[in-house]
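# What the coordinates show
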Amino acid sequence: MIIEHKLVIADVKLVADFRRYILYWKKRFTEQPITDFCSVIRTNSEAPIEGQDNYFLLCDVLPEDRLLREQLQQKRLREILEQQQRERNDTSFHSMCMFCDKEFTGNRSVLFNHMARDHAFNVGLPDNIVNCNEFLAALQKKLDNLQCLYCEKTFRDKNTLKDHMRKKQHRRINAKNTEYDRFYIINYLEFGKSWEEVQSEDDRELLDNVEEDWSDWEEHPVCAVCLFCEKQADTTEKLCLHMKEAHGFDLLKIKAEHGLKFYQQVKLVNFIRREIHQCRCYNCKETFQSKTELISHMEITKHITFLPTKFTWDQPQYYFPTYENDTLLCTLSDSEDELTAKDQSEDVPVISEDLSDLEALRQSSVLNQLLREENTD
């Protein structure tokens, strides 16, 4: 288009659907002169007229162009969200782990959770991923080509590649590689912005507001949400009391009986959130059609009261929250009484110096030898 028609489209990479975009403007250019929509850029303006060229710039400064770009972006976002929802509900998923020979069927989250737990390969929450099969195929292709997923170096054989990724902790994808952007839903949310640009804007806002006057700040209570229903409370004590009375789940008792430290509590909360979100009983693993049916089953069978084996929930994958901004996680803490008792009960060993050969060491020291030689001289 630039060579044949002298048409320059600004920020073409930000056009969500280039084919529909071009078809729209092709029709409009037949209805009105191109100069009604484009800025004219003249090159070689000092040359003779026959040596000058006029280029036409089409950009989103034109309200019609910007509106078109936004409409195409919104249409693509709707399509992506529909695709993501289909994948989240899909139970016909079938794939093999990239790092071992295990096969997984059912929901895609089973495979991603396996890779995070057993191979320390974490790509984030499965619910944040879209076009899952293409994503896995792209990763598998790199491994088949003996290419590291993070630094993208190529190695001579599969064992060397595995050792490299394990020793260098490269069992992850490179967030700077824009090839992966299309597989994460965040990159479709804001028109013309990638996740890095959104994050940098948030950081700039924080820096810009450093010197603001906060004297009139009024703190509003932040509410944490129950693990099993929509009940909210502005303190941990109130929420724990609600879960104990309404659902029979005593978080404080469980914490004390199992001696849960802070990060174990985090993993436990994230585990329960994940299971409840998937409408699955965390004890018998039975799945239900709705959250209401699940909670009713767990309360009747008392499955809500007891935890499954520690191996089930005390896994690295549950360091990551199921829901963003989960306020309950911010209210967790180690018990001060437990910490105090631990400090008092621990006997810190004091290792004394070995004095058995102290006199022999003094006699054989280099300093004594030098002093003797000096006195002899």
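Since we're looking at a predicted model, the values are computed, not measured. (Residues numbered from 1 in each chain as written. Predicted model: local features only at pLDDT ≥ 70, side-chain atom pairs only at ≥ 80, totals over all residues. Heavy atoms only, no water.)

### Quick look at a nonpolar patch on the surface
What counts here: Like charges are joined within 9 Å and nonpolar side chains (Val, Leu, Ile, Met, Phe, Trp, Tyr) within 5 Å, but only among residues with over 30% relative accessible area and no salt bridge; these make up the patches. The accessible surface values rely on the Shrake-Rupley method and a 1.4 Å probe; as for residues, cover is taken only from the protein chains in view. Salt bridges are defined as contacts in which a side-chain nitrogen from Lys or Arg sits within 4 Å of a carboxyl oxygen from Asp or Glu. Working definition: helices are DSSP H or I runs of at least four residues, strands are E runs of at least two. Numbering for both runs from the N terminus. Per-residue accessibility, obtained with a 1.4 Å probe over protein chains only, is compared with the maximum for each type, and a residue is labelled buried under 20%, exposed over 50%, and partly exposed between these values.
A cluster of nonpolar side chains, namely M1, V12 and F18, defines an oily patch on the protein surface of about 250 Å² accessible area. Along the polypeptide, V12 turns up in the loop between β1 (7-9) and α2 (18-31). On the basis of relative accessibility, which here comes to 40%, the residue V12 falls in the partly exposed class.

### Some details on unusual backbone geometry
At A120, a residue that is not glycine, the phi angle is positive and equals roughly 55 degrees. Structurally, A120 can be placed in the loop between α4 (108-119) and α5 (132-144). With phi around 55 degrees, C279 is a residue other than glycine that occupies positive phi space. Inspection of the secondary structure assignment puts C279 in the loop between α10 (262-277) and α11 (291-300). Given a relative accessible area of 13%, C279 falls into the buried group.

### Some details on the nonpolar core
In plain terms, the rule: In plain words, nonpolar cores are sets of buried Ala, Val, Leu, Ile, Met, Phe, Trp, Tyr and Cys residues tied together by side-chain atoms within 4.5 Å.
In this structure, L227, F228, M243, F249, L268, I272 and Y282 are the most contacted members of the largest nonpolar core, which totals 31 residues. Elements that contribute at least two residues to this core include exactly α8 (236-247), α9 (251-258), α10, α11 and α13 (327-331). If one sorts the elements of this core by residue count, α10 sits on top with 6 residues.

### Here we look at the pattern of salt bridges
Overall, the coordinates contain 23 salt bridges when judged by the stated rule. The salt bridge involving K244 is made with D250; its shortest N-O contact spans 3.8 Å. Linking E275 and R280 is a salt bridge whose minimum nitrogen-to-oxygen distance equals 2.8 Å. A relative accessible area of 2% means that E275 is categorised as buried. For R280, a relative accessible area of 25% corresponds to the partly exposed category. Each of K27, R28, E31 and E64 takes part in salt bridges that share partners, so that together they form one network.

### Description of the packing of α4 against α5
The test is simple: What counts as an axis is a line fitted to C-alpha atoms, over the stretch in contact for a helix, and the angles between N-to-C directions run from 0 to 180 degrees. Left-handed describes a crossing whose near helix is turned anticlockwise from the far helix through less than a right angle; right-handed describes the clockwise counterpart. In this analysis, two residues are considered to be in contact whenever any of their non-hydrogen atoms come within 4.5 Å of each other. Under the convention adopted here, Pro, Cys and the residues Ala, Val, Leu, Ile, Met, Phe, Trp and Tyr are nonpolar, Asp, Glu, Lys and Arg are charged, and Gly plus all remaining residues are polar.
For the pair α4 and α5, interaxial distance at closest approach is 11 Å and the crossing angle is 35 degrees. The handedness of the crossing between α4 and α5 comes out as left-handed. Across the interface between the two elements, R108, L111, F112 and M115 from α4 touch C132, F135 and L136 from α5. Residues belonging to the contact of α4 with α5 are distributed by class as follows: 6 nonpolar, no polar and 1 charged.

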